[in-house]
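Single-letter residue listing:
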Amino acid sequence: MDISKNRVALRVWGDFACFTRPEMKAERVSYDVITPSAARGILEAVYWKPEIRWVIERLQVLKPIVFTSIRRNELAGRGPSATKLKGYLEGGEHPALTQVIEEDRQQRASIVLRNVEYIIEAHYVVLNSREAPQKHYEIFRRRAEKGQCFHQPCLGCREFACNFSWYNGEPAVCDESLLGKRDLGWMLQDIDFAEPNTPYFFRAEMQDGVITVPESRGRG
């Protein structure tokens, strides 16, 4: 694997993960593996710059796919919209902006993944042609090696913290249960917020724990 110029790889792991299927409305149900959009979110948490755009190439699953069921307290209603918050930020007289947790709490079940570990292989596209691609590669590598991030990356849901480390290309062996070919069905690849909010899906197939991600049509 050639990790040079504008290509990077990151090893991520955690105790729990939930990459929610969009077709599940009432309860959260996770995909079998990490999604490309979730992987891109992890990379952006480590190193985000408006001058570059992350593109996921491959996702490698290292540990067995194990589901577990949990119950959590969540808020039934949504928080205030950006339009409503804008008035408060601009000042002036407004009624109190409150959300009483005790009155809006509900218990929901979730089907999540347990004890996960992945390798994310990606490259970035430099939107400003005047910049050297190697510059961002070196910054990302140093940040990943030191465990630095702009905000704590997560494995799908914010409460499932993601551990990460720089992956330098040494051979990684997946679990025996992942050997062979497996059809994972249609999976969310990305969302194009400029269209607006247009989701893109792809047929995910895993071969010996490796999922090759096609080129995304969405901007993300």
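Please refer to the structure higher up on the page.
Keep in mind that this is a model prediction, so the values were computed, not measured.

Draft legend 1. Looking closely at the pairing of strand β5 (residues 105–126). Inspection of the sheet shows strand β1 (residues 7–17) paired to β5 by 10 bridges, in the antiparallel sense. The residue bridging Ala9 from the neighbouring strand is Glu121, located in β5. Bridging between strand β2 (residues 28–29) and β5 involves 2 bridges; their strand directions are parallel. Each bridged residue has a counterpart across the sheet, and for Val29 the counterpart in β5 is Ile111. Here 9 bridges tie strand β3 (residues 52–61) to β5, and the two strands are oriented antiparallel to one another. What sits directly across from Leu59, in β5, is Ile120. Direction of pairing for strand β4 (residues 67–75) relative to β5: antiparallel, over a ladder of 9 bridges.

Draft legend 2. Geometry of helix α4 (residues 133–146). In a regular helix each residue adds 1.5 Å, so 14 residues correspond to 20 Å; α4 covers 21 Å between its end C-alpha atoms and thus fits that length. Those residues of α4 that fall on the buried side of the exposure criterion are His136, Tyr137, Phe140, Arg143 and Ala144. Projected onto a plane normal to the axis of α4, the buried residues spread over an arc of 140° and lie on a single side. Residues of α4 that are buried sit in contact with β1, α1 (36–46), β3, β5 and β6 (163–166).

Draft legend 3. Spotlight on unusual backbone geometry. We note that Asn115 has phi near 55°; this positive angle belongs to a residue other than glycine. Along the polypeptide, Asn115 turns up in strand β5. The residue Asp208 is not glycine, and still its phi comes out positive at about 55°. For Asp208, the location among the structural elements is in the loop between β8 (198–207) and β9 (210–212). Asp208 gets classed as partly exposed once you look at its relative accessible area, which sits at 34%.

Conventions we followed
- Residues numbered from 1 in each chain as written.
- Predicted model: local features only at pLDDT ≥ 70, side-chain atom pairs only at ≥ 80, totals over all residues.
- Heavy atoms only, no water.
- Pairing = 2+ DSSP bridges.
- Helix = DSSP H or I, 4+ residues; strand = E, 2+ residues; numbered from the N terminus.
- Expected span 1.5 Å × (residues − 1).
- Buried < 20%, exposed > 50% of the residue type's maximum accessible area, 1.4 Å probe, protein only.
- Arc of directions from axis to C-beta.
- Contact = heavy atoms within 4.5 Å.

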